[in-house]
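Commentary on secondary and tertiary structure
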Amino acid sequence: MNKEKLVVRDKLWLFASRPHDDDPYFVGAEGITSMWSRITPTEGAHMLGVNNIIMVCSDGIPVPFSKDAYGYMESFCNMKNVMWSVTGSAGFRNGNEEEYICHLSEKYPNVIGAFYDDFTCRQEDPNGEKHGEEYLTGFLRESRKRLDKAHKKIEMWTTCYVAQLERYSKEMFEPIDGITVWSMDINDAMKLDENLSQYEKRLPGKKIMLGIYMFDYQTKKAIPTHLLKTQCDTGLKWLKEGRIEGIVFLTNCVMGIGLESEYFLRQWIKDVGDQEL
């Protein structure tokens, strides 16, 4: 039996959420041709030419077990792999995400993981009392137990920002299978190897994916093409070396508004996507 050929495209992911999620950032933004983005997660993946999606709920939407949530999953029918968020932007959650992901993994075989976006924002309990790392550690361990009820292994992946690296112990990340490393500051993005090395030393044995932005939320501009190229080419090199598991691009919510970074990224993926790994 011939082994299935693995290509770069198989390791590329779209970090996605509901359309219009980032529209407020476009007020006064430079270099755009539309006031808002209409692009859905599936449309964004198709436009880029990637086969994997991380669906991140925003303000708890889409609500687990809702028709809205199932509608998104139905639209992911041709995705190779899907992760669904346990915590969404700013760490928000409804509370039954683990149960929903277990259910999804049985109904939709391409659901392979749970994603924890901004989970470090969850430093207070349901009563509003503030806690620290101990509370977060307990949350992740309890979440792991809930996911273990699934009929198959569900991987746990999380957002990690370079600036937060020294803030938390490696013990807190023990239940986590993989991390996505993001440099929100453009200056940090110029120190890719240095930043990744810190994570490799801090969290040895964890799978890592490189996160890449198309839009700079601080300056309200597209990520400069030369900087985007540097990140993409470096990520490709690391993929081929086996140093990282994949590359994640953010996000469908900044697509379809005329960003030069999106045009570059579409062409870059078209050029390298079918290279064999």
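In the block above lies the structure referred to throughout.
Residues numbered from 1 in each chain as written. Predicted model: local features only at pLDDT ≥ 70, side-chain atom pairs only at ≥ 80, totals over all residues. Heavy atoms only, no water.

Topic: unusual backbone geometry
Omega for the bond connecting Ile61 with Pro62 falls within 30 degrees of zero, at 5°, which places this linkage in the cis form. Its place among the elements puts Pro62 in the loop between β2 (52-55) and α2 (67-75). In this chain, Leu250 is followed by Thr251 through a cis amide linkage whose omega measures 5°. Turning to its location among the elements, Thr251 is positioned in the loop between β10 (246-250) and α8 (260-272). A positive phi angle, close to 75°, is found at His20, a residue other than glycine. With respect to the secondary-structure elements, His20 resides in the loop between β1 (12-16) and α1 (41-48). With relative accessibility at 38%, the residue His20 sits in the partly exposed group. Positive phi, close to 55°, is recorded for Asp59, a residue that is not glycine. Relative to the helices and strands, Asp59 resides in the loop between β2 and α2. (Helix = DSSP H or I, 4+ residues; strand = E, 2+ residues; numbered from the N terminus. Buried < 20%, exposed > 50% of the residue type's maximum accessible area, 1.4 Å probe, protein only.)

Structural notes on the pattern of salt bridges
Going through the model one piece at a time under the given rule, you end up with 19 salt bridges. The shortest N-O distance in the salt bridge between Asp148 and Arg144 comes to 3.0 Å. Owing to a relative accessible area of 11%, Arg144 belongs among the buried residues under this scheme. Salt bridges linked by common partners bring Arg93, Glu97, Glu98, Glu99 and Arg146 together as one network. (Salt bridge = Lys/Arg side-chain N within 4 Å of Asp/Glu carboxyl O.)

Focus: the pairing of β10
Counting buried residues along β10, five of its five residues qualify, which places the element largely inside the surrounding structure. Of the two faces of β10, both are covered, the one formed by Gly246, Val248 and Leu250 as well as the one formed by Ile247 and Phe249. Where β1 and β10 come together, four bridges link them in parallel fashion. Within β10, the residue paired with Leu14 across the bridge is Phe249. (Pairing = 2+ DSSP bridges.)

Considering the nonpolar core
One broad rule of soluble globular proteins: the nonpolar side chains tend to lie buried together. Formed by 89 residues in total, the largest nonpolar core has its most connected members in Trp84, Phe249 and Trp268. Apart from the residues lying within four places of it in its own chain, the contact partners of Trp268 are Cys232, Asp233, Leu236, Ile247 and Phe249. (Core = buried A, V, L, I, M, F, W, Y, C linked by side-chain atoms within 4.5 Å. Contact = heavy atoms within 4.5 Å.)

Overview of the side chain of Asn252
Tracing the sequence through the fold places Asn252 in the loop between β10 and α8. Among the polar contacts made by the side chain of Asn252, one reaches the side chain of Thr251 at a distance of 3.1 Å. Ignoring anything within four residues of it in the chain, the contact list for Asn252 reads Leu14, Phe15, Ala16, Ser17, Arg18, Pro19, Ser37, Ile39, Thr40, Pro41 and Gly44. (Polar contact = N/O pair within 3.5 Å; in protein donor to acceptor, adjacent residues only side chain to side chain.)

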